[in-house]
Amino acid sequence: MNNQLRHAVEEAKKFYIQKLSDAGILSKTDEDYTLIPLSELENMYKSHKQIEET
């Protein structure tokens with residue numbers, strides 16, 4: 001169960017990192033964006049989507 005949760009969090013982080021990189025919010029450098037908490041990545045993505053919709 002613990003490994004499943006960890007895997008789910010890692011996959012969610014990958015999703016948000018990819019979307020934010022594609023949008024130009026995160027640069028495609030060697031920085032380890034996986035160190036950013038999932039909640040912060042999610043908030044960044046939601047903020048971007050709100051701005052994009054206006």
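Residues numbered from 1 in each chain as written. Predicted model: local features only at pLDDT ≥ 70, side-chain atom pairs only at ≥ 80, totals over all residues. Heavy atoms only, no water.

J.: What should I look at first to understand the packing of helix α1 (residues 2-22) against helix α2 (residues 38-53) in this one?
T.: The relative placement of two packed helices is expressed as an angle between their axes plus a distance between the axes. In contact at an axis separation of 10 Å, α1 and α2 are set at 35 degrees when each is read in the N-to-C sense. Judged by the sense of rotation from one axis to the other, the crossing of α1 with α2 is left-handed. Contacts between α1 and α2 involve V9, A12, K13, F15, Y16, I17, K19 and L20 from the former and L38, L41, E42, M44 and Y45 from the latter. Here the residues of the contact of α1 with α2 sort into 10 nonpolar, no polar and three charged. (Axes fitted to C-alpha atoms, helices over the stretch in contact; angles between N-to-C directions. Helix = DSSP H or I, 4+ residues; strand = E, 2+ residues; numbered from the N terminus. Left-handed = near helix turned anticlockwise from the far one by under 90°. Contact = heavy atoms within 4.5 Å. Nonpolar A, V, L, I, M, F, W, Y, C, P; charged D, E, K, R; others polar.)

J.: Which parts of the structure should I look at to understand the nonpolar core?
T.: General note: in soluble globular proteins, nonpolar side chains tend to be found buried as a group. With eight residues, the main nonpolar core is built from Y16, I17, L20, L26, Y33, I36, L41 and Y45. Those elements that provide at least two residues to this core are α1 and α2. With three residues, the single largest contributor to this core is α1. Excluding residues within four positions of it along the chain, L26 makes contact with I17, L20, S21, Y33, L41 and M44. (Core = buried A, V, L, I, M, F, W, Y, C linked by side-chain atoms within 4.5 Å. Buried < 20%, exposed > 50% of the residue type's maximum accessible area, 1.4 Å probe, protein only.)

Shape is all these values report; function is a separate question.
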